[in-house]
Structure formats: C-alpha cells, structure tokens
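# Observations on chain architecture
What follows is each chain in one-letter form.
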Amino acid sequence: NLPEAIAGEQTSVKGCRCASFRTKCTVGLHTAHMHQGGVTRIQNTRIEKCGQRGIEGKYCLHFHKLHNCPTCLFRNNAIENSHQRGIIVHGTHSSLVEGNVLYDVRGAGIYLEDGNELWNTIKYNTVICPWPFQHERLHGCTIPGTSNMQADTSLNQAGIFVLAASNDLIGNRIANSFNGMLLQAGSPGRGEAYGKVCTSDARIGILEGNTFHGHGRFGTYSLGSNYPKMTDQTIASNGYNLDQSQCDGFDASGETRGVASVFLNNLDYQNTFVGHYEAGDIQYNGHKSFHNLNLLYWKETKNFENGCSAHVSQSHFTNGNLALPDQGTFLVEDTTFGPGVKLEANHHCNVGITGVLCMPQYILHNVQWVNPSTQNWIWFQYLNHQGHAANQNHGGIFTYSPHDVERVLSNVPLPNGVFPHPYVSLVSNQFNYLLQLPDSACVRSGDLGQVHAIRYDNGILCTVPLRALKVYSRGVSSSSAPNLFLELWFDGDLDAQSNSSPDLTHVVGFHQVGGDNQSSKQGYSVPIVPDQFSYRISTTYNNGATKSPIPNEWVIEFSDVLIGNRWGVEHIRLTVLGRSCANDVDGLGISSHHDRRFLWSGDEFIDEEGWGRHGACVGIGEQPPDMPFQVCNADNNNGILEAVECPELCTPECGETTFCHCGTQTCHCKTSSFPTLTSTSSNTSPATSSEENETCSVTSAEQVLCQAARCSAHGHCSALYLGGSTVNNSSPLPVTSNACICDDGWSGPLCDYNACDNGETIRTCGGNGRCVALGDRDTQCVCDEGYSGSDCEIDCASHCSGNYPFGCASYIEGVLAYGCNSGGGCAYQTDPNQSMPGFCVYQSDPNVSNPVCECQSANDCEIVGPCDNDGTNTCPNPEPIADNTPCNSIPWGVCRNGSCVPDDGSTFAPTVSKSPVAATTASPSKTPTSVSASPTKAPSPDEELPCSGICPGTFPYFCAENLPNVVKYGCTSDGHCSYHETLEEPYPFAGFCTYKSVSPSPTFSPIGQTTSLPTDAPTRPPTGSPVATTASPSRTPTNAYVCPSIRWSDEFDGNELDTTNKWSYQVGDGCPLCGWGNNELQWYQPDNVHVSNGELTIDAREESQPVGNGKQYTSGRIRTKDQADFKYGYFEARIRIPIGRGLWPAFWMLPTEELYGNWPQSGEIDIMENVGHEPGTNHGTIHYGDAWPNNQYSGGSVDLLEGVNFADGYHLFAVDKSEGLLIWYLDGVEFYRRTPSDISPKQWPFDEQFHFILNVAVGGQWPGNPDSTTEFPQTMYVDYVRVYDASPGQLVGPQTMESRERNVQYQVTVPDSGYEYEWQVPPGSTILSGQGASLIIVDFGSVSGDVVVQMSSSSCGEHRVLKIPVRIESGYSFESRVVDDTSTIATASGTYEVSLNPLPNDEGNPSENVVRYERNGAELYDSI
C-alpha cells in the first residue's frame, strides 16, 4: 500500500529516487515509446538487466498508448534477466511483436495491458523461465511489487498475459512459467480503459500454432468468462466499447449474440491444466494435448452461435483427464483419444455456483478411442460440495452422434469405438430406471465384466441414444422442494397414457447450484430416449402417490438444436401435468428445435422474460416459434472453424494465400505463407498497415516451409509454425529431416506410400488390430486386447476361459507379453528369451507377438523394400526413387539418380548421397506398447512436494509408496490416499496433495528367439534362495508367476531355537548399562524362550523369588548378530504381542558394526514397538544423531480400530530397507517412512549391515512399570521372521471416509495369477466387483471395520493376511452438553446414547453427562 500506488497494487508510478520511503532501488534499463506520434522499431538487439522492480512503466520494451501504430515493431530481440515484464503493448493497436526470445524475465514475459488493445500480432516469440516455481528464493519467474498481481506474482504469473482477446497469438513457444498464456476475461479493463471495455465479450483473434509446456498451472488458459460477441469495439474507438449493451448475453428478441472463434493447432504438454473456466463459441481445432494432468479443463459452455460447430475438432489427446463442462451439447468430432485418457463428466458442476443442472450431452462423432488401458475411461461426479442434499451432479450423457448410432444399430461396429459394441450411450448408475427398458436396451457396465465396470465407472450402457430432459425451477428452497416424477409408456402413442398405467416411473431429485438464495440455477434433469416411448412429468413429495402440476413459471428443455442442424430433428412425446404442449406437431412430439430464447447465453441464465414464456411446452402465453434451422455443410461451418476470418469485409476479395482479417479488414498472409519482400533495404518491412493488403508468395523455399516440404495428403508438415521472416534477408529455417510426419499405415519421405494397402495386398490384421508402417515398406500388426498372431488372427477367447483379460493381469511392470490358457492359468513374459508354450498371448508389445525387422534408407531419394521373410531378417538393396520426385534433405530438392539435388537453377549442391542400409528390429519409437516406470527418489516433504500440515502424520502420510505402475501419489487431510498411473491423471475429488511423483521412463526390449519359462516353485518358503524347476515339454504350466524371493527366514519349525546358524541369546540386565539404559526391570534368560508348534514364544514372567541381580521379572531376548546380517531387504515378522501396563514387546534392528560411533550414532531401527498401556498402537522409529544423551530419534505410529488390540491376533510388522529409504508397514499397509533428507544435517547411518532383535521388556522409562492391572505371565508369539528381496505385496486404499462412500478401490500390489484372494469388508459394506481378484471396488455402509484380504498361493506355499482398518466418520455426528439434567429426548429420527462426559471442565462444559447423537442418513433431516 505505497503512498502513490495504484489502489490495491504494490507498485509505484514514481521513479525510484523520487519515492521517499524507498531505501533500495533495482535499477535497470527501460525503454518506452510513449503516446501518439512517430514510430519505434527495435530489431536484432540484446537487452540485459532491464526493468525496475516495483516502478510502473519501467519495462524492457514498451509501447505506451500509441493508438494505431501498424509500423511499430519489436522483432528478433533477446531479452534476459529482467526485474519487470519483458515486452509491453499498452493502449496500442496493430503493432508487431515477432521472433523475440525472452529468458529469465520476471513477471509476464509479453504483456497486453489495459484490455483495449486491438489486433496486435504476437508471433513466433519464445519465453523461457529457467527457475522452478517452488524455488525457495526465486519462485519461478514471479515478481512481487508490480501493478498487476495476476500477471506477475505467484497468483497467476504468465509467459503471455492478455486482457484483450482481440489480438493475434501465432506460433509462440512458452516454457516453464506458472501459466503459459493467460487470457484474463471478466475484467472491466485497467488504467484509462477501466469501465470502457467488455473483456469477456471481445472477439478472439487468431490464436494458432502456439506451444505451451512445463507450466505449473495452465498452458492454454482463459480465466473468467469468455463469450466472444460482435460488438462496436474498433481501432477508431481506441478499443473502447461505446455501446456496452452489445455485451449483453441476449438481444431484444432473446437471441444470443455469440460469434464463433477457434483455438487452432496449438500444442500443450506437461502442464497441469489446459482450457478455461467458463467459455463458449470457442473451438479447439487441431489441438494437441499430451501428458497434462487435465488435457482439457472446462467448467461451463454454450452451443455455437452458428448452430453447427464442434467444441473439439480434429484434435488429439494422450495421457490425462478431460474435465468436460456443463450445459448445452458438447460436440467432439474427428478426434483421437490415446493411451491414458479419461473423460470426466460435469467437471466442477455444483462446486460453488458453477454449472447449471449437471446434465450436458457429450456427442462423440467419428472419434478414435485408442486407449488400451483397463483402468477408468469415463467417470461421473458423486460427491456433494454443498451444505444441502439437493445435489444431482451425477448427470451427463455420453453418446455417439446419430450418424455413428445408425452404423452401430446396423450392426457395423465402429473402429476404435468408445463403447463396447453394440452400445451407443452411457450415463451414471443413478439412472437405474433405464435398466427396465424393453429388450434389455440398457445394462450395468459391471454386468459385462470387471474391466467394463472400471472403465465406465459402474455406469449404465445403452443400445439406444439418450438425450437430456431438463426442467428449470424458480424460487424453490432445497429444504422444501418437491421431486420431479417421470412416467414412461413403452407405447409411444400419447393416448396410451390415458388408457393404461405407466410401464416405468422414476423419481428425479431436486438440484440447487450453490446454497439457497446464492444462485438461481436450480431444477431437475434426467436422460430419456428420443423418438421412442411417451413420457409425462409432474411434481411429487411422495414418490408419485400424489402428483402436482409443473408450476407455470418453470422452463422445460429437451435435447438441442445442434442435433437437428447436423443430423436431423429429434422429438419427445411428452405431456406436462397442468400444461397443454402446443408444439406437439403431427403427433411427433416436442421438437429438439423448440424455442430457446432468453434461456442461456453462457454469461446470462434465463432472463426475466424467459421464465414460463420460453422453452418447450410453455406455461405462460402462447408457444413461441421453433428456433431457425441452420445449414451445416462443408461450406458453412460443418463443425470445423477456420481462424478468425471475415471475407465480407475485404474489397477486393483476398487471394488463395491470404485471408480477410476481421480486425484490420484487410488481406493477411495465411500461416503457411509469408509476405513478399518489397525491398532489399534493411529498413523495409512487409506491408502491415491496417490500410494495406499484404501480398504473399508461395514460390520459394525461403518463404513457405510447408509448401517446400510437399507432403502427401497422408503426411503432415512438421515446419508449419517454425516462424521466420523475409525481412532483412532472414529466411525461415528449412526442415531437412522428417519434414513430413506420416499417418498410421503410410510411409516414405513424403508419406505417399500406403504400406498397409499397396494396391496389390491389403493388410487388415484380421479385423482385430491395426496395421502400422515401419521403415520404408515394412508393416506390423498391433493387435487389439485379447488377440495375437502375426495378423492378429488368434482369438484368445477360444483358448482361455471368460472374457479379456481372462482372469489374468492386464498390466505388470516389466512384462512384455501376457498369456492365458484353458485351465485358468496365466503366464507373463519378462525376458525376451522366455516363451509361453501352451499359452495364448492376449496382450503384448507388438515386437513380442509380431516381431519384424525394419528396412529404411537414410537417403530420401532411395527406398528399401520389405524385409525378407525367410528367417534371415535381411534387407534388399535400396532402389532409387524416380527422378524429379521432391526431396527435403536440401531445401526444395528433387531426386536425380538416387540423390537429392537442388532443382534446376538453384545454387545449392547435393548434401545427401547413397548410403548402405542395415536391418534393424522394429523401431520401438514408432510403436511403443510396453512402458515401465522407473521411479526416482521420493522427494522429502520439505522439498518439492510439501504435504506436511495438509495430510495427517508425516511423509508418506499413512499412504503407500513404490506401487507398480504408479507415478503419482496423493493424500488428503482426512486420510484418503489416491494412486495414479500418469502424472496428468486427476484426483477423484478436490483436496488432494501430491506427496510423491516419479518420472516414467520408457524401456523397450527387442524380442528374439525364446526359450522355456520356469513355472514351478517350492511348496514351502526355503531358508535360502528358491530354486525354480523347468516344466517338462509335455506339461502345461498353470501359473507363471514368480514367487516372492525369500533370502532368509526362520519359520520356527523345530522344537528348539536355532542357535547354530541363526540366533543367539542375550542374558542379564544389561549391566554395566544396567536396565538396558531404560531402567527396565527384567532379567533376560534362555528359559523364557521356546520353539514349538511352528512358532517362537517369549514369556514375560513375574517371579516369586528375585532372579539375577535381584530382578522381580524375567523375559527373553534373542538376536541374529554375526549370523544373519542384512544391508537391504524387506524384513517382516508375523507376531501376536502381549498386553498389559509396563510391557514393552519389540521387533527391531541394530547395526552389526558401529561404523559411525556408539549408540545411536550408528543407528537403530524399531520395526515394531508397543507399550502395554496402548494396546492398539504400534510404533516405528529410528534412532540416530549425536552420542547419548544428546541423541535424536524420529518415528511414526499407527492405530487399530477402537476397541481392537494387537494382543487379539497375529499381525504383520515389516520395514522395507533400501538405499536411502526406510518404509514401515503394518499388515501390508505403509504407515511411515524416512529418508536422509528427513534427518539432515545428521548422518544417515542406515545403509549398513543390521541384525534382528526380538524381546519383551518389562518396565522402563517409556512404558512405565507394571501395576495391579498387569497380569503375568504374558507371551509374545512369533510365527516367522523373513527377509524378502522385495515386498511380497502391499495393500492400498483409503483408511478414513464418510458414511456410505461409494466406488472405493482397494488393491493388492501383486499380480492376480500368483495368488488366490478372499476379501472381507466391514458389516453393511458391499463388494461391488473384484472378489477373487487383487482389486476390489466397495460401497461402504456406516460401520467401521477392517478391509481384509487373505492371499493364498499353493505353488509358492504362501498365505498372507493383509488388512486396512477403515474408520467411518459420520459428517453429522456430534457431542453436546445436556443443559438441563432433567430433560429427556422423547422421540428422535436417529440414534443416541447418554454417557459420562469424558472431558468435564469449568470453561463451558461442566455437566456430568453428554448425549452423542447420530442422525438418520436415510432422511433429508432429523426431527428430535
């Protein structure tokens, strides 16, 4: 709050020395051209140490209020190390900012300031932030003390910050900022433009060919409300909106004012988000979004003003979540969804006041779903984020377009369809009335198998299209709203409604966005089947026993006009109780083209004029006419939008290489061409004035890169947005290698050869896979799941039982091929030299199942034929390509005699000659299908991913780590854990903190000749390394799972302790360190240690006569020192511990050699410690640091459920010890870990040899001494102690949740085939799927309890019991003081009990009793 600062901003408009309060100034170069008059052109200049921090206007390069300046130019400059923004365009129009490189610029790299700037061109610039956002000093490229906190500080610092959308951003590359591009709509403008502009409604300029990667938040980003409109904002008005009524959502007739825009051919990768908050009339065309946490992030939208266009067209998404918006029909067409993609319905709907009725229609037209994962594909919302129960955010309809539905209903499966054939639509499982439609039209996805249950979120799949029926209510309270009652007759004739009872009914709950009186968005929505059946709607409070009319003001909406414009009008035969539906034409019912005026513009929700008077079947006045039809075809916005063009505004018309720019109303060069040089003078630039037309050339390589590449129709130019200019003889860089990127199945330097269909033979891969091209002429089949063979001709369904994955695993890290057999056996190939005789390969890297060699010439004027199929894997000699064929190894080259040479008249010389060709195995980089994650060291909670203070406990916050195929781990404050296979995969709901992430590193292994695979293992874990035997050729292996490798164990099978090879006794009371340093009371002796019946027992006894040095108590202590010492491994014991005050059982480790000094400098690892007065708590601890008594320790603990004690049964206590890492487990569930950084700067002494100790101490400083409640003798029972090479399996899943949580996942992290599984869940909970497998999905009740899995393997001789104690927390339970001890509860809906006050005090809680009351969750509210 500086004296002369702009209100609310930490900045100064005065020079540094003029500010009396400043004691230190950041002095740097600043340049500015201020106010109208003259021209600034700065080119090819290096600008260092520029900008003055906290001083407004002191920037590196600055256009300041120049108004229209088409010859103003910042080009090809290098800006480095600034303390303010890099390039500023402020109150200026038509300028050019091109080809600049900005490095280590603090705040926004390129900044368009006030919101009135128009039609500036920002193209081919590079902005790089070299610092991580979490850097403790620099915090990325953020900077405080500026005039715009959103643009510059950690709130939203951006590589490019724009308040004014009507500018062109082309071919820019932004890396590692907090945001890549931030278009901040919703602002009233800044500075002189404040209150004079409608930033949310500005037309969007050309936003094309930009690359955003590595950003901590968004790549492509428009914040706020973006609903572009045609307004009166022009250069002549200095970019001001003179008539701001043109910014309204509706015109006087109720029509919306939108104007279509496009984000074209942009690339986003490795960002957290991509997209908007609320935005409409914006199409993502040709968008490439890869490996972003959210590949697309969108909260609300609207249909396109033109009535035809798709929201997403011709795009490609891989590895991440698409968070899809509410409202309207969201059309996705001609788009590919690759591996790791998830579609999220109703993103953010009913969070705050976002969304409307949470029932959008997601239309998928000609999409390619090539995600092979058996994990979740589509998911719905179920969590309630409001303080009331009126939440129906589980809506959303996913369905094929009518065109694609017609194909499926004609029994023509869609190639790479989203849904299993013959299903065409999907909704959440909340709409179970659909399961009763005739002919089993709809089924639960889980009925098709566990894989489909997971893929489709246990939703409902239908063989009929579904559409949304919505009813918008008004003025209804969440606590008193009726339900909507839907009745359905299979006979579509409306007369049937008066002649018979409905065949189906469905009660639709009330939905309120936000709290009561917080938002007017409320009502009801339900999926229905169009053009079939007949429906009636009414309101009810008693499930239809009594029905009431729909109030007259309420608005009804069915389907969408987009459907009719693109594919034909749909209808619903509907009666509305209390209304007469006048738009029922010719008995067809209500049209999808019914009136929608005044209902939704994106930025406005139902105008006052709309209530009751508009929509379908109105309740007030006459039915308005239907919406006008739009002609949708290739010539008129049939889904595809071009960059912002206005051909009607340019005279004369623009040519083939130009387009009419909407802002300048002149012809500009298209991206694939460049302005023609008008002069060779270094001071001359192409014509860019708003009053002149550009002329563009497509005749030379220096001017048009993609024209130079000359790719075929099946190749894509890789040089489209490389930039460059002909000004000052600066030519764009030609691409001499891989100038063309080929579609699947096509090959050759120009992608002009269809290797999969060469005119003589067609490789179809049996219809069970896809053909890909390798090398110049080779091909390979990539088989669908469940198929194998060189042409995917082997159907494993005929070899194995059940459906894919045939009771076997679908992904195991490091596995190259997966096999099944008819006996239920599974085999996994982990080595190229292994084979799987008798097994059908149902999933593999194609280089395993269909290995081919690849022949390719490095000379782009030669072609090598297919690899010889005679077993020699040799390539034929290369053949020259026909003369005059284009080549790219030199710019604008042509082939002559097998070499690429300049075309006639060129001065270039050939640079590539014939080269020998070597045969290689199929290039993994072209068809990778097997990727294994290489985990990196987990960061400390105090390093990059801090969750301390957010999640309970310490790292890893009672969650798991090192799970196969998991690269992102998250936790919440209430104990939830979440594990994800990709960094981009979203968490299931808000509130997760990422406590660990690892970088997946692809590894590929060529597959050659194979040998037999070991299949058998010993039936009892041996004490040494297990020896696998090889199955005889005549025997079919039943299980190829490799048993857990036990390096050392004691199973205590004999009748005495093995003191020869494993253990030794420790005797006495520790003197001269008497009492073992802890004032313990026991005397250790061998008589208290016994081995019998397969277990070790250690007895703690109270003696009738003193023993040893006058000790009253005896016990036992044994260790493995010098007989069994271990540096690393998974150390586990199965133990049942004693109980009683003063007892201290332990399973722990000490260093065999004290290399770092005396205790505890060389370390101590406590795997299990319990003090008897805490019978349900286990402690894991390390001791280290300085010499006693200045030592340090660090530990974590884990509790069983209330009322459960460790003395009640056996439990698994373990620690996983690896280099620089210790992880503690209880019953297979991780609860604590430590790394060297956790104890820094103290020495980490734990990467040395340690040995085991088992003992039961009595008394001491920690447990206290026994008292009258302690019963003796007490015994610790030890079933075994084992050392595994690696974890034999972990159990992962949430440990705390609210009552009745649904679809909760628990998983054992070992392959299915190695074990048989039997699961148990708490009373009142239900296993939805997975019983018998390693992963289950559970619907919980309201009772806490253990999730238990018993793992058994007869071949391995293993039986393990893992368990997670699950605490169910009712969000409505509370404790309160009884004010009047004479009062009683007469009646109550819930349950209650009176008990003694556990914490009486004199500070407001003095009463003797308390009442604990738990509400009835089945009721909307309780009555007491």
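Structural data are supplied above this passage.
Residues numbered from 1 in each chain as written. Predicted model: local features only at pLDDT ≥ 70, side-chain atom pairs only at ≥ 80, totals over all residues. Heavy atoms only, no water.

### Overview of a negative patch on the surface
On the surface, Asp-491, Asp-493, Asp-495 and Asp-503 cluster together into a negatively charged patch. Relative to the helices and strands, Asp-493 resides in the loop between β40 (483–489) and α4 (496–499). (Patch = residues over 30% accessible without salt bridge, like charges linked within 9 Å, V, L, I, M, F, W, Y side chains within 5 Å. Areas by Shrake-Rupley, 256 points an atom, 1.4 Å probe, with all protein chains shown as cover. Salt bridge = Lys/Arg side-chain N within 4 Å of Asp/Glu carboxyl O. Lys, Arg positive; Asp, Glu negative; His and termini not counted. Charge placed at Lys NZ, Arg CZ, Asp CG, Glu CD. Helix = DSSP H or I, 4+ residues; strand = E, 2+ residues; numbered from the N terminus.)

### Notes on the pattern of salt bridges
Here the structure, examined in full by the defined rule, presents 31 salt bridges. Put simply, Asp-201 and Lys-229 hold a salt bridge, and the shortest N to O gap is 2.5 Å. Within this pair, whereas Asp-201 is found in the loop between β16 (179–184) and β17 (207–208), its partner Lys-229 is found in the loop between β19 (218–226) and β20 (261–264), the two being separated by 28 residues in sequence. The two residues Asp-201 and Lys-229 agree in class, both being buried. (Buried < 20%, exposed > 50% of the residue type's maximum accessible area, 1.4 Å probe, protein only.)

### Structural notes on the nonpolar core
Generally speaking, nonpolar side chains in soluble globular proteins are found buried as a group. By size, the foremost hydrophobic cluster in this structure holds 67 residues, and its most contacted members are Ile-378, Phe-398 and Phe-419. In terms of residues, this core owes the most to one element, strand β4 (residues 61–68), which gives three residues. Once residues within four sequence positions are removed from consideration, Phe-398 is found in contact with Leu-324, Leu-343, Ala-345, Tyr-362, Ile-378, Phe-380, Phe-419, Val-424, Ser-425 and Leu-426. Within the second largest apolar cluster, 47 residues are counted, among which are Trp-1048, Ile-1167, Met-1168 and Phe-1206. (Core = buried A, V, L, I, M, F, W, Y, C linked by side-chain atoms within 4.5 Å. Contact = heavy atoms within 4.5 Å.)

### Some remarks on the state of the cysteines
Considering all chains together, one arrives at 20 disulfides under this definition. Each sulfur in the disulfide pair Cys-742 and Cys-751 lies 2.1 Å from the other. Handedness here is read from the sign of the S-S torsion; for Cys-742 and Cys-751, about -90 degrees, the answer is left-handed. Sulfur-sulfur distance for the disulfide between Cys-783 and Cys-792 comes to 2.1 Å. Measuring the twist about the S-S bond at about -95 degrees, one finds the Cys-783-Cys-792 disulfide to be left-handed. (Disulfide = S-S within 2.5 Å.)

### Section: the sheet that holds strand β12 (residues 126–128)
Spatially, the 11 strands line up as an open sheet ordered β3-β6-β9-β12-β15-β18-β21-β24-β27-β30-β33, and their pairing is parallel. With partners counted over all chains shown, the strands left at the sheet margins are β3 (46–50) and β33 (368–369), one partner each. Inspection of the sheet shows strand β18 (residues 211–213) paired to strand β21 (residues 267–269) by three bridges, in the parallel sense. Among the inter-strand pairings, Thr-211 is bridged to a residue of β21, identified as Leu-267. (Pairing = 2+ DSSP bridges.)

### Considerations on the sheet that holds strand β39 (residues 467–472)
Read from one edge to the other, the open sheet built from four strands follows the order β42-β43-β39-β46, with strand pairing classed as antiparallel. The open sheet has two edge strands, β42 (511–512) and β46 (555–558), and neither has a second partner. With two bridges connecting them, β42 and strand β43 (residues 522–528) associate as antiparallel partners. Its bridge partner lying in β43, Gln-512 is registered against Gln-522.

### Some words on the pairing of strand β100 (residues 1358–1369)
Bridging between strand β94 (residues 1296–1298) and β100 involves three bridges; their strand directions are parallel. Each bridged residue has a counterpart across the sheet, and for Thr-1296 the counterpart in β100 is Arg-1367.

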